[in-house]
Amino acid sequence: MHKKNTSVRGQTKVYFRKHVRIFNNEKGWSFILFGAIISILVCAVVGEKMFETYDDTKSGFFAIICAAIWIGIFNSIQLICKERDILQYEYRSGLKITAYILLHFRFQALMCLVQSAILVIAYCVWVDYPTEGVLFPWAIVEYSITIYLVMVASDAMGLFISSLVGSPKTVMTTMPFILILQLIMSGVLFTLSGWSEYIFYITVSKWGMAAMGSIAGLNDTEAFPQKVQKYVDKQVAEQGGQLFTLERVSEDAYEATGEHLVQIWGILLLFVVVLLVGSIIRLRFIDHEK
């Protein structure tokens, strides 16, 4: 008689193979295609003007980070809630919740690797970026790691939300609010103060933007003049008037050092760990649900 595997490692292997079969049967490659379309559209739109001015570069990074977050959350936000009844039954039959979450994350991390690679390729094709990084000789390595970590952290966020919500319909209603929160609290669209600053520090978008800006060296006023300043300079030149100088304050978030960049990557990894642990803790109470 076949003995049922009760170890976390053994169950993770079994359910990973099962997940691969489900992925193929349910045409999971559509997620890859959908992510590729988003990546190409975003990079094609922002590519022409990026790295010309501070404003255009910051806006371009914001669009790319938002695309990575959207792809990551969309990958996983329905995974747990759509099989909640099955999960509850298998949990009562001996399924380890840790193995279950690690299974999903392991598979999602591989999918994010493919999707982030497509986004980076689109970035290379459409964006004429500076080649030297702050940690490695090639900036593209740093951009690739950042985009992947942002996507994986967002994917882990999707898993956590899916563990909290009871049905796919409810979770898809919740998703726009999560995305809007990431956009508003990124610090790009609005200047945050008071209570909003505390939320600002627990958003993936904030740290994704900080990493991208650090790699590019956005604090360099000579390399990245303000768009408004360039417009004023043009008007002054045409009218023969006196030059009006706009002062720009350096932002600590964009400190262009390898140490700062590694710290940001560590924070994004911490997001992943905390969200996965939160998912495990939440699902251990699934047996008490009706």
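Residues numbered from 1 in each chain as written. Predicted model: local features only at pLDDT ≥ 70, side-chain atom pairs only at ≥ 80, totals over all residues. Heavy atoms only, no water.

### Observations regarding the overall build of the protein
If you tally the helices and strands in the protein, you get eleven helices and zero strands. Ordered by position from the N terminus, the helices and strands of the protein form the series α-α-α-α-α-α-α-α-α-α-α. The proportion of buried residues among the 290 residues of the protein is 47%. Long-range pairs, those at least 24 residues apart, make up 78% of the contacts in the protein with a sequence separation of at least 6. (Helix = DSSP H or I, 4+ residues; strand = E, 2+ residues; numbered from the N terminus. Buried < 20%, exposed > 50% of the residue type's maximum accessible area, 1.4 Å probe, protein only. Contact = heavy atoms within 4.5 Å.)

### Some points on helix α7 (residues 168-184)
The terminal C-alpha atoms of α7 lie 25 Å apart, and with 17 residues this matches the ideal 24 Å at 1.5 Å per residue to within 8%. Approximately 25° is the largest bend angle found in α7, and it occurs at Thr174, with the proline Pro176 only one to four residues beyond. All buried positions along α7 are accounted for by Val171, Met175, Ile178, Leu179 and Gln182. Buried residues belonging to α7 abut α3 (54-76), α6 (139-164) and α9 (204-216). (Expected span 1.5 Å × (residues − 1). Bend = angle between axes of the 7 residues up to and from the residue.)

### Quick look at the confidence of the model for the protein
Considering every residue of the protein, the mean pLDDT works out to 80; 77% of them sit at 70 or more. No element of the protein has a lower mean pLDDT than helix α10 (residues 227-239), which averages 58, and none a higher one than helix α11 (residues 258-283), which averages 95. (pLDDT = per-residue confidence, 0-100.)

### Describing the packing of α3 against helix α5 (residues 97-126)
Direction vectors running N to C along α3 and α5 enclose 155°, while the axes themselves pass 11 Å from each other. As far as their axial angle goes, α5 and α3 are roughly antiparallel. Considering the relative orientation of α3 and α5, their crossing is right-handed. From α3, Phe61, Ile64, Ala68, Ile71, Asn75 and Ser76 reach across to α5, where they touch Gln108, Met111, Cys112, Gln115, Leu119 and Tyr123. (Axes fitted to C-alpha atoms, helices over the stretch in contact; angles between N-to-C directions. Parallel < 35°, antiparallel > 145°, perpendicular 65-115°, else oblique. Left-handed = near helix turned anticlockwise from the far one by under 90°.)

### Side note on α9
Taking 1.5 Å of rise per residue, the 13 residues of α9 would be expected to cover 18 Å, and the 19 Å separating its terminal C-alpha atoms lies within 8% of that figure. Looking one or two residues beyond α9, the residue adopting positive phi is Gly217, at roughly 70°.

### Some words on the environment of Ala44
Along the chain, Ala44 turns up in helix α2 (residues 29-46). Residue class for Ala44 comes out partly exposed when judged on its relative accessible area of 29%.

### Re the nonpolar core
Phe51, Phe61, Ile64, Tyr123 and Tyr143 are the most contacted members of the largest nonpolar core, which totals 74 residues. For this core, the secondary structure elements donating two or more residues are α2, α3, α5, α6, α7, α9 and α11. Sort the elements by how many residues they give to this core and α6 lands first, with 13 residues. (Core = buried A, V, L, I, M, F, W, Y, C linked by side-chain atoms within 4.5 Å.)

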